[in-house]
Amino acid sequence: MTMFLADNSSSNHSRHTAETTRESGHPFDWQTMPEHHVESGNAMSSHSSSGMTTDVGGGAQTKEIYTYKAPWTVFALSWSHRPDPTSQFRLAIGSYVEQYSNCVQIVKKRANHAISAPQPPDPHLAAHHQKDQEYTYNSTQMFKACEFDHPYPCTKILWSPDRSSSSRDLLATTGDYLRIWNVADDGSGRGTLLHKKEALLNNNKNSEYCAPLTSFDWNEADPNIVGTSSIDTTCTIWDVTQQTARTQLIAHDREVFDLAFARGKDVFASVGADGSVRMFDLRSLEHSTIVYESQNLVPLLRLEWNKQDPNYLATFMVDSHRTIILDIRVPSMPVAELGGHSGCVNATAWAPHSSCHICTAGDDSQALIWDLSAMPKQPIEDPILAYNAEGEINNLQWSASQPDWVSIAFHDRLQILRV
């Protein structure tokens, strides 16, 4: 393993990213969302720039929401990338309990047997005006397929991006260590799973203890590569097959809070407590680029890379109501800032099938979907869709394999929303 001290130069903004071109987003069939569970949250509503409700889906709207109630506060969550013959989709969720003993569950959605029933409009709709909604109700749609113990809360969970049915079905978690798990059908015919811990990876070879890991990302172009970020200022690139660290670099001046790979296998970026977004290339780790520094160097918490157009990144500051959109071709200045939230932003997710749509969620219990196609010619002032949950939203993910679905976590609930 090689340790690098990256030369973080912001003066010339030299970048090692491959040349990319902006792709136009695929057309969206934005729909408002039905409710499949009596415990589900409120309806998704569409907005025009004037704040009026619009029928973006065209015609009658049917909202679709599934809710799973866990025995603890849900924080980490992740969609599986590969098809599951026993369910429409499956997710992994992690508990947030302020003690050593925590938990991971794998949750599946059964085949759809929904029935429709008209209901009065929900008084908490996020739109300024309400429309007649059709609500679809369901019971026992979501079920627990697997559960296993996890030391400390997971800071992040991800399924392997490898969709091949012939390869192992892997899941990774971070917390005190990077752990790799293998899951397989238990043969019962009920869709339940068996789990096995494949690896426990420690980035400190001089001690059995390691600095806590704040986040990680799984490289989609090369599923053998995982990158982790740590409070000890380092990022580590792991070889999953060999279960060894390929390289470790001092990436920031203070704690590193998140790491994300761009499209392709070589370029990644990180954010941290020093208030900077820094970009690296695995082919030349001696240098890095400071793409952005927040005003007064306020810590940046999370980072999401647009996989349809790798020129764009999304990040947000601690205790901030706004999401910052960056164009790596124009460093230092945000190309857009998304407001809309009345509480702190906690999570962002780019649409996996569009270069110009992003979802944000926060402490105001709102999940907002934005259309950035007018950027940078026009400021982005209003979201096109809004959803009001029943509590502060801790996390969200947009399914890459089924891009009509977004998942959110609040309190002890996992909700799956059709957009």
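Our subject in this report is the structure included herewith.

So, how was this worked out
Residues numbered from 1 in each chain as written. Predicted model: local features only at pLDDT ≥ 70, side-chain atom pairs only at ≥ 80, totals over all residues. Heavy atoms only, no water. Helix = DSSP H or I, 4+ residues; strand = E, 2+ residues; numbered from the N terminus. Buried < 20%, exposed > 50% of the residue type's maximum accessible area, 1.4 Å probe, protein only. Contact = heavy atoms within 4.5 Å. Pairing = 2+ DSSP bridges. Axes fitted to C-alpha atoms, helices over the stretch in contact; angles between N-to-C directions. Core = buried A, V, L, I, M, F, W, Y, C linked by side-chain atoms within 4.5 Å. Phe/Tyr/Trp six-rings, centres within 6.5 Å; stacked < 30°, edge-to-face > 60°. Lys NZ or Arg CZ within 6 Å of the ring centre and 35° of its normal. Salt bridge = Lys/Arg side-chain N within 4 Å of Asp/Glu carboxyl O.

1. Some thoughts on the overall build of the protein chain
A count of helical and extended segments in the protein chain gives zero helices and 34 strands. For the protein chain, the residues scored as buried account for 58% of the 419 residues in total. Across the protein chain, contacts joining residues at least 24 apart in sequence account for 57% of those joining residues at least 6 apart.

2. Things to note about the side chain of Asn224
Checked against the element boundaries, Asn224 lands in the loop between β16 (213-218) and β17 (225-230). What makes Asn224 buried here is its relative accessible area of 17%.

3. What about the sheet that holds strand β26 (residues 323-327)?
The sheet built from four strands is open, its strands ordered β24-β25-β26-β27 with antiparallel pairing. Either end of the sheet is taken by a strand with one partner, and the two such strands are β24 (300-305) and β27 (336-338). Adjacent strand axes in the sheet meet at a mean angle of 25° when their direction is disregarded. Judged from the four bridges that link them, strand β25 (residues 312-317) and β26 form a sheet pairing that is antiparallel. Bridge pairing links Thr315 to Ile324 in β26.

4. Here's the deal with the nonpolar core
Counting 20 residues, the largest nonpolar core has Ala367, Ile369, Tyr387, Leu396, Trp398 and Ile408 as the members making the most contacts within it. Ile408 has contacts with Leu77, Ala367, Tyr387, Ala389, Ile393, Asn395, Leu396, Arg413, Leu414, Gln415 and Leu417, leaving out every residue within four places of it along the chain.

5. Remarks on the pairing of strand β32 (residues 393-398)
Taking burial as the measure, the six residues of β32 include five buried ones, the bulk of the element. Both β32 and strand β33 (residues 405-410) contribute to a ladder of five bridges, which runs antiparallel. Residue Gln397 lies in a different strand from β33, and its bridge partner there is Ser407. A loop of six residues connects β32 with β33, the two strands running antiparallel in sequence.

6. Side note on the pairing of strand β29 (residues 357-362)
Of all six residues that make up β29, six are buried, and the element is covered over most of its length. What you see with β29 is no split at all: His357, Cys359 and Ala361 on one side and Ile358, Thr360 and Gly362 on the other are buried throughout. As paired strands, strand β28 (residues 345-350) and β29 are joined by five bridges and run antiparallel to one another. Its bridge partner lying in β29, Thr348 is registered against Thr360. Hairpin connection of β28 to β29: six residues between the antiparallel strands. Judged from the five bridges that link them, β29 and strand β30 (residues 366-371) form a sheet pairing that is antiparallel. Bridge pairing in β30 links Ala361 to Ala367. Counted between consecutive antiparallel strands, the loop separating β29 from β30 contains three residues, among which Ser365 sits at a positive phi close to 70°.

7. Observations regarding the sheet that holds β33
Judged by pairing direction, the sheet is antiparallel, and its four strands sit side by side in the order β5-β34-β33-β32 without closing on themselves. Lying at the two open borders of the sheet, with one neighbouring strand each, are β5 (65-69) and β32. Pairwise comparison of adjacent strand axes, ignoring direction, gives a mean angle of 15° for this sheet.

8. Observations regarding unusual backbone geometry
The peptide bond linking Met375 to Pro376 adopts the cis configuration, its omega dihedral lying at 0°. Relative to the elements of secondary structure, Pro376 occurs in the loop between β30 and β31 (385-388). Positioned with a positive phi, Asn296 is a non-glycine residue whose angle comes to about 60°. Here Asn296 shows up in the loop between β23 (287-293) and β24.

9. What about the packing of aromatic side chains?
Taken as a whole, this structure holds eight aromatic pairs when the rule is applied. Geometrically, the ring pair formed by Phe261 and Phe268 is edge-to-face, given 5.9 Å between the ring centres and 65° between the ring planes. One exposure class covers both Phe261 and Phe268, and it is buried. Through a chain of ring-to-ring contacts, three or more aromatic side chains come together here, namely Tyr66, Trp79, Phe89 and Trp405. In this structure, Arg90 packs its charged tip against the face of Trp159, placed 4.4 Å from the ring centre. Sitting over the face of the ring of Phe89, Lys109 holds its NZ or CZ atom 5.9 Å from the ring centroid.

10. Brief notes about the pattern of salt bridges
Using the criterion set out here, one finds 18 salt bridges in the structure. Measuring nitrogen to oxygen at the nearest pair gives 2.8 Å for the salt bridge that ties Arg168 to Glu198. Separated by 30 residues along the polypeptide, Arg168 in the loop between β12 (156-159) and β13 (170-174) and Glu198 in strand β15 (residues 193-201) bring together distant segments of the chain. With its nearest N and O atoms 2.8 Å apart, the salt bridge here joins Arg413 to Asp412. We classify Arg413 as buried; its relative accessible area is 14%. Connected via shared salt-bridge partners are Glu64, Asp404 and Arg418.

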